[in-house]
Amino acid sequence: MTLEEVLIEKPTERVQCTGSALEEVLVSAKDNDSITVGVYECAKVMNLDPDSVSFCVLAMDEEFECDIALQIHFTLIQSFCFDNDISIVRVSDMQRLAEIVGDKAEQLEDAHCVLITNPADGSWEDPALEKLHLFCEESRRLNDWVPEISLPER
């Protein structure tokens, strides 16, 4: 999909489409072992190998809105992403994000930050990931630096 096609879509369709694209990318990255979950784990990856990071997802829910430490981490992660030209989005349903990126056997407690990384053997290309990058680029043009995406319900 070209940037022009993304721009032409109606806003509500675009948000729904990007939510589906995000879910598709997360599932694909999980299958390719190209995903890092957790604020501290993501910070380690960003510190050790920032060039491997392709996309960042921050998740917030009502339970953690007043968590000052988490807000500080989010600010630092956002700053890092802006400085390193990494696309970043926010989702409001952390439970749904945890369902997508977690294993059925384990319950994820910290799915506040998810990184999609490039595999060690080369570049990972995904049309849905490209669509998300275009969405983020367009959002930045509209001064929405961390756009919010709604993940589709199951």
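Before reading on, note that the structure itself is shown above.
Note that the coordinates shown come from a computational prediction; the quantities given were computed from them, not determined experimentally.

Trainee: Looking at this model, I keep getting lost on the overall build of the protein. Mind explaining?
Mentor: Across its full length, the protein holds six helices and four strands. Traced from its N-terminal end to its C-terminal end, the protein shows the element sequence α-α-β-α-β-α-β-α-β-α. Every one of the 154 residues in the protein was classed for burial, and the buried ones make up 47%. A fraction of 80% describes how many contacts in the protein between residues 6 or more apart in sequence connect residues 24 or more apart. A total of about 8700 Å² of accessible surface is found on the protein, and carbon and sulfur atoms cover 49% of it.

Trainee: Even after reading the chapter, I still don't get a nonpolar patch on the surface, so can you show me in this structure?
Mentor: A surface patch of nonpolar side chains, about 320 Å² in accessible area, is lined by Ile68, Ile72 and Leu76. Overall, the relative accessible area of 55% leaves Leu76 in the exposed class.

Trainee: I would appreciate a short explanation of helix H4 (residues 68-83) in the present structure.
Mentor: Residue pairs spaced three or four apart in an α-helix point in one direction, given the helix's 3.6 residues per turn. Its 16 residues give H4 an end-to-end C-alpha distance of 23 Å, which sits within 8% of 22 Å, the value for a rise of 1.5 Å per residue. Those residues of H4 that sit buried are Leu70, Phe74, Ile77, Gln78 and Cys81. Looking straight down H4, one finds that the buried residues subtend no more than 100° of arc, so they occupy a single side. H4 presents Ile68, Leu76 and Asp83 as exposed residues on the side facing more than 90 degrees away from its buried surface. For H4, the elements touching its buried residues are helix H3 (39-48), strand E2 (53-59), strand E3 (87-91) and strand E4 (113-117). Where H4 begins, the capping side chain belongs to Asp67, and its oxygen is found 3.2 Å from the backbone nitrogen of Ala69.

Trainee: Looking at this structure, I do not really get the pattern of salt bridges. What am I missing?
Mentor: Pairing between side chains of opposite charge can happen when their charged atoms approach one another. Evaluated as defined, the whole model comprises four salt bridges. Here Arg96 makes a salt bridge to Glu99, at a shortest N to O gap of 3.4 Å. Placement of the pair is Arg96 and Glu99 together in helix H5 (residues 94-101), with a separation of three residues, close to one helical turn. Arg96 sits in the buried class, given a relative accessible area of 4%.

Trainee: Just to check I follow, could you spell out unusual backbone geometry for this structure?
Mentor: With phi around 55°, Asp33 is a residue other than glycine that occupies positive phi space. Examined against the element boundaries, Asp33 turns out to sit in the loop between helix H2 (11-31) and strand E1 (35-37). Backbone geometry at Asp85 places phi at a positive 55°, although glycine is not the residue there.

Trainee: Please clarify how the packing of H3 against H4 should be interpreted in this entry.
Mentor: Helix-helix packing is characterised by the crossing angle of the two axes and by the distance between the axes. It is at 11 Å that the axes of H3 and H4 come closest, and there the two elements cross at 30°. By the angle between their directions, the pair H3 and H4 is classed as roughly parallel. In the crossing of H3 with H4, the sense of the turn from one axis to the other is left-handed. On H4, the residues that touch Val39, Tyr40 and Met46 of H3 are Leu70, His73, Ile77, Phe80 and Cys81. Taken together, the residues that form the contact of H3 with H4 break down as seven nonpolar, one polar and no charged.

Calculation rules
- Residues numbered from 1 in each chain as written.
- Predicted model: local features only at pLDDT ≥ 70, side-chain atom pairs only at ≥ 80, totals over all residues.
- Heavy atoms only, no water.
- Helix = DSSP H or I, 4+ residues; strand = E, 2+ residues; numbered from the N terminus.
- Buried < 20%, exposed > 50% of the residue type's maximum accessible area, 1.4 Å probe, protein only.
- Contact = heavy atoms within 4.5 Å.
- Areas by Shrake-Rupley, 256 points an atom, 1.4 Å probe, with all protein chains shown as cover.
- Patch = residues over 30% accessible without salt bridge, like charges linked within 9 Å, V, L, I, M, F, W, Y side chains within 5 Å.
- Salt bridge = Lys/Arg side-chain N within 4 Å of Asp/Glu carboxyl O.
- Expected span 1.5 Å × (residues − 1).
- Arc of directions from axis to C-beta.
- Polar contact = N/O pair within 3.5 Å; in protein donor to acceptor, adjacent residues only side chain to side chain.
- Axes fitted to C-alpha atoms, helices over the stretch in contact; angles between N-to-C directions.
- Parallel < 35°, antiparallel > 145°, perpendicular 65-115°, else oblique.
- Left-handed = near helix turned anticlockwise from the far one by under 90°.
- Nonpolar A, V, L, I, M, F, W, Y, C, P; charged D, E, K, R; others polar.

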